[in-house]
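An overview of the molecular structure
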Amino acid sequence: DPDRHHRRSTRLPGWNYAAPGAYFVTICAAQRAHLFGEVAGGAVAYSPIGDLVRTLWLQIPSHHPHAQLDEWVIMPNHMHGIINIEGSHHESLDLETNPIDFRDVEYLENNWKPSRGGITGIHNPMLNQNLSTMLRWYTGRVSYEAHKINPDFGWHKRFHDRIIRDPEEYRI
């Protein structure tokens with residue numbers, strides 16, 4: 001029943017999530033279970049799954065060359081991180097003179113043309129260079145490895161993202 005069972009999109013309407021920019025993301029463990037470690041002495045002591053979460057997060061740029069990582073933190077049941085998509089004026093610190101004005105921004109088209117993509121060819125969603133594709137790869141790899149440690153491991157069904165719009169927001 002679409003009137004009772006639907007998910008409202010949390011995405012900014014009209015924004016191309018493959019466009020250059022900085023994105024603050026939060027990803028939670030299913031049911032907010034404390035699977036990534038425990039706080040001890042003001043720091044998180046990573047569990048084996050927490051080590052996977054950290055190690056694979058740091059591998060995102062090697063699998064998605066258009067991505068650069070900025071600050072990130074892993075908590076016992078979730079993680080936060082900033083991902084810059086290549087070409088972003090956030091990377092060049094040009095935000096001081098060019099903050100994103102969402103009334104005025106030109107949305108870039110994804111012009112990347114893959115030469116392969118399995119059975120689906122160029123329609124394979126994993127070939128798209130966007131935030132969701134990066135996080136789908138990341139959560140999939142963590143899940144695959146984490147299931148070897150804990151077969152009940154899982155992620156919350158969705159992640160939260162926020163487009164970082166100006167230098168003040170980036171510094172926070």
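Above this text sits the structure in question.
The following refers to the structure shown. (Residues numbered from 1 in each chain as written. Predicted model: local features only at pLDDT ≥ 70, side-chain atom pairs only at ≥ 80, totals over all residues. Heavy atoms only, no water.)

**Describing helix α1 (residues 48-58)**
Using the following cut-off: The buried label applies to any residue whose accessible area, calculated with a 1.4 Å probe on protein chains only, is under 20% of its type's maximum; exposed applies above 50%, and partly exposed to all values in between. Put simply, DSSP H or I for four residues or longer makes a helix, DSSP E for two residues or longer makes a strand, and each gets a number counted from the N terminus. The arc refers to the directions leading from the helix axis to the C-beta atoms. Residue contacts are defined here by distance: any two heavy atoms, one from each residue, within 4.5 Å place the two residues in contact.
Those residues of α1 not exposed but buried are Ile-49, Gly-50, Leu-52, Val-53, Leu-56 and Trp-57. Projected down its long axis, α1 shows its buried positions confined to an angular sector of 155°, all on one face. Those residues of α1 that are buried are in contact with β1 (21-28), β3 (43-46), α2 (60-63), β4 (67-74), β5 (78-85) and α3 (131-149).

**Focus on the environment of His-160**
Within the secondary structure, His-160 sits in strand β6 (residues 160-164). Using a relative accessible area of 45% as the deciding quantity, one classes His-160 as partly exposed. With residues up to four places along the chain from it excluded, the contact list for His-160 reads Phe-24, Val-25 and Thr-26.

**Description of the packing of α1 against α3**
What counts is decided by this rule: Lines are fitted to the C-alpha atoms to define the axes, a helix being fitted only along its stretch in contact, and any angle between axes, read from their N-to-C directions, falls within 0 to 180 degrees. Our angle categories are set so that under 35 degrees counts as roughly parallel, over 145 as roughly antiparallel, 65 to 115 as roughly perpendicular, and the remainder as oblique. By definition, any crossing whose near helix is turned counterclockwise from its far helix by less than a right angle is left-handed, and any crossing with a clockwise turn is right-handed.
Packing of α1 against α3 leaves a shortest axis separation of 10 Å and a crossing angle of 150°. Viewed along their axes, α1 and α3 adopt a mutual orientation that is roughly antiparallel. Regarding α1 and α3, the two cross each other, and that crossing is right-handed. For the pair formed by α1 and α3, the contact residues are Pro-48, Ile-49, Leu-52, Val-53, Leu-56 and Trp-57 on the first element and Leu-135, Trp-137, Tyr-138, Arg-141, Val-142, Glu-145, Ala-146 and Ile-149 on the second.

These figures come from the coordinates and say nothing about function on their own.
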